[in-house]
Amino acid sequence: MEANELFVNEDDHKNVPKLEACCCKCMPKRYLLAFLTFTGFVNVYTLRVNLSVAMVAMVSSLEKQFPNGTHYTVPAEFDWDSGLQGIILSSFFYGYIFTQIPGGWLAAKYGGKNLFGGGILMTALFTLVTPLAARLHPSVLILVRILEGLFEGFTFPCVHALWSKWAPPLERSKLATISFSGPFAGTVLGMPLSGLIAHNYGWPWVFYFFGLLGVIWSFFWFTLITDSPEDHPKITENELEYILSSLKADKTSKKLVKTPWKMIFTSLPVWAIIVAHFTENWGWYTLLTQLPTYLKKIMKFSLQEAGVISALPYLAMVIVVQCGGRFGDFLRRRNILGTTAVRRIFNSIGFFSQAIFLIVVGYTTNKQLAIIGLTLAVGLGGLTWTGFPVNHLDIAPRYASILFGISNCIATFPGMFTPILVGYITTNETQEEWRVVFFISTGVYAVGMVFYAIFVSGEKQAWNDENVSYEDGDAELKTLLSPSEEDRKQAYNGADVLIIETIIKQSNTKNTTTIVGEDVELLKLMTARTPISSRGAVVAHLP
């Protein structure tokens, strides 16, 4: 059994509160959180990608027809060259990258609810004023997009701050992957809906529609969600007890005193996550921004066909992400595989599948085989979301939002320069040039897969439990754990100190230490606060 599960009752998973009828009143509140974070991320990605589709209508002329059958041309509303369009589209990331780490730190210190909900609400409000900004001046539109990126940058790290308090260890994969399948669902819905709205109602309504959805979603979020299960007024005692008892060893209820930045940046398991996150986003942004172009220019699909086919791989990814999370937790709950093994295997399969099938796509000239290859590459890549994206919660639940902010910040760079690299390589738009693009992505996947497989860990790191604040009732314990022998003797008599020291020494060499009598409460107090790496497995039995 691994460290992050050491002090969780082995029978906890047998006593998991059962899911009831599917409505807010009786739905387990951790699943309500999963649903609203999922729909929140759907909003996040529809708000992010809508400009990519609306831009086509904004800079293109339209052919229309009078009632008498005469055709006429409506000139494009904006005369922006491709260079300016690229600057506008990429400006989002220049804001997005700056709030990843601050967002993670703020969420860890103050909670993720208001930052997540506020980030989406502000992004939605800026989306509503996008048509006005575009008509004022391109620089105003660029500023609005940067501000959207700044606020949206808070969202991803905040979710880990929420799950660190809400997700029982043996449900982390399942609950987190429900949340993280939202971006893929948002991509599937956002692109075709944006095109449909722009075609039938005009491009401004793309922003009005999705902006209004974001505002409506935020009302439900702020009304129904709390930062922790203890704060939720409608949670059942059964669910609350289950969540709190399973998270007892993680110390996520303690306030942050000092973030161990040095330990974080010198931790190989942390760098394994960072490298894997960078790897995944390299392939993700390459396909997200360039797949429609490849299908139209190289595989000779029509623009309408390319739009529909581009959505198929992400639809497959939504399904695989959901199934992968549940299967991963099943393997851990039944003790078939440990947490480290689950993260390593699922991540490796996801990266390997994407690498192999991208090569297939690069060499085939068969349209059907290209569709199958792309769907399998992106779809099976969804298994990685049972790997590195959940791993932050395994190794440092108290700092999970900060870790995600760090990894997502570094992983944003591919979104900024892969489109430029692809444009430089595919100047003649030949399949041979695109083959180079796919080979580069395959190489990145291979390096990321090997690095993560070697250095991944599913065990809670010792620095997660350092710098725990001592609140009311812990003053004597703080004195006891201080370096001063004199202070310790003042806190407890010599016999008690000897008992505790003996317990610690024995627990390092034995699987279980048993103590009886009036010292039980003292032992419970000691084992509740001492880092796992120091205490081993200690069980107290009443006489």
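Keep in mind that this is a model prediction, so the values were computed, not measured.

*Asks:* Help me understand the overall build of the chain, please; the structure alone is not making it clear to me.
*Replies:* Looking only at helices and strands, one finds 25 helices and two strands in the chain. Per-residue burial for the chain yields a buried fraction of 54% across its 543 residues. Sequence separation of at least 24 residues holds for 81% of the intrachain contacts in the chain that already meet a minimum separation of 6. Carbon and sulfur atoms provide 64% of the accessible area of the chain, an area that totals close to 23900 Å².

*Asks:* Help me understand a nonpolar patch on the surface, please; the structure alone is not making it clear to me.
*Replies:* Taken together, the side chains of Leu189, Leu193, Leu196, Phe209, Leu212, Leu213, Ile216, Phe219 and Phe220 make up a nonpolar region of the molecular surface, amounting to roughly 820 Å² of accessible area. Those elements that place two or more of their residues in the nonpolar patch are α9 (182-201) and α10 (204-224). Considering every element that reaches the nonpolar patch, the biggest residue donor is α10, with six residues. When you line up the elements, phenylalanine 219 lands in helix α10.

*Asks:* Which parts of the structure should I look at to understand the side chain of asparagine 408?
*Replies:* Assignment of secondary structure puts asparagine 408 in helix α18 (residues 400-410). A relative accessible area of 4% places asparagine 408 in the buried class.

*Asks:* Looking at this model, I keep getting lost on the packing of aromatic side chains. Mind explaining?
*Replies:* In this description, a pair of aromatic rings is defined by centroid distance and the angle of the planes. Overall, the coordinates contain 37 aromatic pairs when judged by the stated rule. Residues phenylalanine 116 and tryptophan 217 carry aromatic rings whose centres are separated by 5.8 Å and whose planes lie at 70 degrees to one another, so their mutual orientation is edge-to-face. Here the residue phenylalanine 116 occupies a position in helix α4 (residues 113-128), and tryptophan 217 occupies one in helix α10, the gap between them amounting to 101 residues. The buried category is assigned to tryptophan 217, whose relative accessible area is 6%. The residue whose ring lies beneath arginine 48 is tyrosine 45, and the NZ or CZ to ring-centre distance is 4.3 Å. Against the face of tyrosine 96 rests arginine 48, its NZ or CZ located 4.6 Å from the ring centre.

*Asks:* Help me understand the nonpolar core, please; the structure alone is not making it clear to me.
*Replies:* Grouped burial of nonpolar side chains is what soluble globular proteins tend to show. Residues Phe116, Trp163, Phe180, Trp221, Leu287, Tyr294 and Leu295 are the most contacted members of the largest nonpolar core, which totals 93 residues. The greatest single-element share of this core, amounting to eleven residues, is contributed by helix α13 (residues 268-297). Shared between two domains, this core holds at least three residues of each, these being domain 1 (25-245) and domain 2 (258-463). Not counting chain neighbours up to four residues away, the residues in contact with tryptophan 163 comprise Arg30, Leu33, Ala34, Thr37, Leu175, Ala176, Ser179 and Leu393. Counting residues in each nonpolar core, the second largest holds 18 residues, with Leu47, Phe78, Leu141 and Phe207 among its members.

*Asks:* For this particular structure, what's the right way to read the confidence of the model for the chain?
*Replies:* A low pLDDT means the predicted coordinates there should not be read in detail. Of the residues in the chain, 76% reach a pLDDT of 70 or more, and the chain-wide mean stands at 79. Confidence over residues 1-23 falls short of pLDDT 50; this stretch has 52 contacts with residues more than four positions distant or in other chains. Long-range and interchain partners of residues 469-543, a stretch whose pLDDT sits below 50, account for 96 contacts in this model, where long-range means more than four residues apart.

*Asks:* Can you walk me through unusual backbone geometry in this structure?
*Replies:* Among all residues save glycine, negative phi is the norm, and among peptide bonds the norm is trans. Here asparagine 335, not a glycine, exhibits a phi torsion of approximately 60 degrees, which is positive. Among the secondary structure elements, asparagine 335 is positioned in the loop between α14 (303-333) and α15 (339-363). Of the residues examined, asparagine 335 reaches a relative accessible area of 59% and is grouped as exposed.

*Asks:* Just checking my understanding: could you explain the side chain of serine 228 for this structure?
*Replies:* Locating serine 228 in the fold gives a position in the loop between α10 and α11 (237-246). A residue is classified by how much of its surface remains accessible, and serine 228, at 9% relative accessible area, is buried. Within polar-contact distance, the side chain of serine 228 engages the side chain of glutamate 230 at 3.2 Å. A distance of 2.9 Å separates polar atoms of two side chains, one belonging to serine 228 and the other to aspartate 231.

*Asks:* For this particular structure, what's the right way to read the environment of leucine 196?
*Replies:* Mapping leucine 196 onto the fold places it in helix α9. Leucine 196 sits in the exposed class, given a relative accessible area of 51%. Leucine 196 sits ten residues away from valine 206 along the chain, and the two C-alpha atoms are 8.9 Å apart.

*Asks:* When you look at the pattern of salt bridges in this model, what are you seeing that I'm missing?
*Replies:* Tallying each qualifying case throughout the model produces eight salt bridges. The partner of aspartate 394 in a salt bridge is arginine 172, and the shortest N-O contact between them spans 3.7 Å. Of this pair, aspartate 394 sits in helix α17 (residues 388-395) while arginine 172 sits in helix α8 (residues 172-180); the two residues are 222 residues apart in sequence, bridging distant segments of the chain. Accessibility classification places aspartate 394 together with arginine 172 in one group, the buried group. Beyond isolated ion pairs, a larger network of salt bridges with shared partners links Arg30, Glu171 and Glu239.

*Asks:* Help me understand helix α7 (residues 155-166) in this model?
*Replies:* Since one α-helical turn is 3.6 residues long, residues separated by three or four positions face the same way. For α7, which comprises twelve residues, the first-to-last C-alpha distance of 17 Å matches the rise-based estimate of 16 Å (1.5 Å per residue) to within 8%. Here α7 has its buried residues at Thr155, Phe156, Pro157, Cys158, Val159, His160, Ala161, Leu162, Trp163, Ser164 and Trp166.

*Asks:* Explain the environment of tryptophan 166 to me, please; I cannot follow it from the model alone.
*Replies:* Mapped onto the elements, tryptophan 166 comes out in helix α7. Here threonine 226 takes part through its backbone oxygen, which lies 3.3 Å from a polar atom of the side chain of tryptophan 166.

*Asks:* Got a minute to help me understand the packing of helix α1 (residues 29-58) against α9 in this structure?
*Replies:* The description of two helices packed together rests on the angle between their axes and the distance between the axes. Between α1 and α9, whose axes approach to 7 Å, the crossing angle comes to 35 degrees. Crossing of α1 over α9 shows right-handed handedness. Residues Phe38, Phe41, Val42, Tyr45, Thr46, Val49, Asn50, Val53 and Ala57 of α1 form the contact with α9, whose participating residues are Gly182, Pro183, Ala185, Gly186, Thr187, Leu189, Gly190, Met191, Ser194, Gly195 and Ala198. Residue composition of the contact of α1 with α9, grouped by class: twelve nonpolar, eight polar and no charged.

About the cut-offs
Residues numbered from 1 in each chain as written. Predicted model: local features only at pLDDT ≥ 70, side-chain atom pairs only at ≥ 80, totals over all residues. Heavy atoms only, no water. Helix = DSSP H or I, 4+ residues; strand = E, 2+ residues; numbered from the N terminus. Buried < 20%, exposed > 50% of the residue type's maximum accessible area, 1.4 Å probe, protein only. Contact = heavy atoms within 4.5 Å. Areas by Shrake-Rupley, 256 points an atom, 1.4 Å probe, with all protein chains shown as cover. Patch = residues over 30% accessible without salt bridge, like charges linked within 9 Å, V, L, I, M, F, W, Y side chains within 5 Å. Salt bridge = Lys/Arg side-chain N within 4 Å of Asp/Glu carboxyl O. Phe/Tyr/Trp six-rings, centres within 6.5 Å; stacked < 30°, edge-to-face > 60°. Lys NZ or Arg CZ within 6 Å of the ring centre and 35° of its normal. Core = buried A, V, L, I, M, F, W, Y, C linked by side-chain atoms within 4.5 Å. Domains from an automatic or database assignment. pLDDT = per-residue confidence, 0-100. Polar contact = N/O pair within 3.5 Å; in protein donor to acceptor, adjacent residues only side chain to side chain. Expected span 1.5 Å × (residues − 1). Axes fitted to C-alpha atoms, helices over the stretch in contact; angles between N-to-C directions. Left-handed = near helix turned anticlockwise from the far one by under 90°. Nonpolar A, V, L, I, M, F, W, Y, C, P; charged D, E, K, R; others polar.

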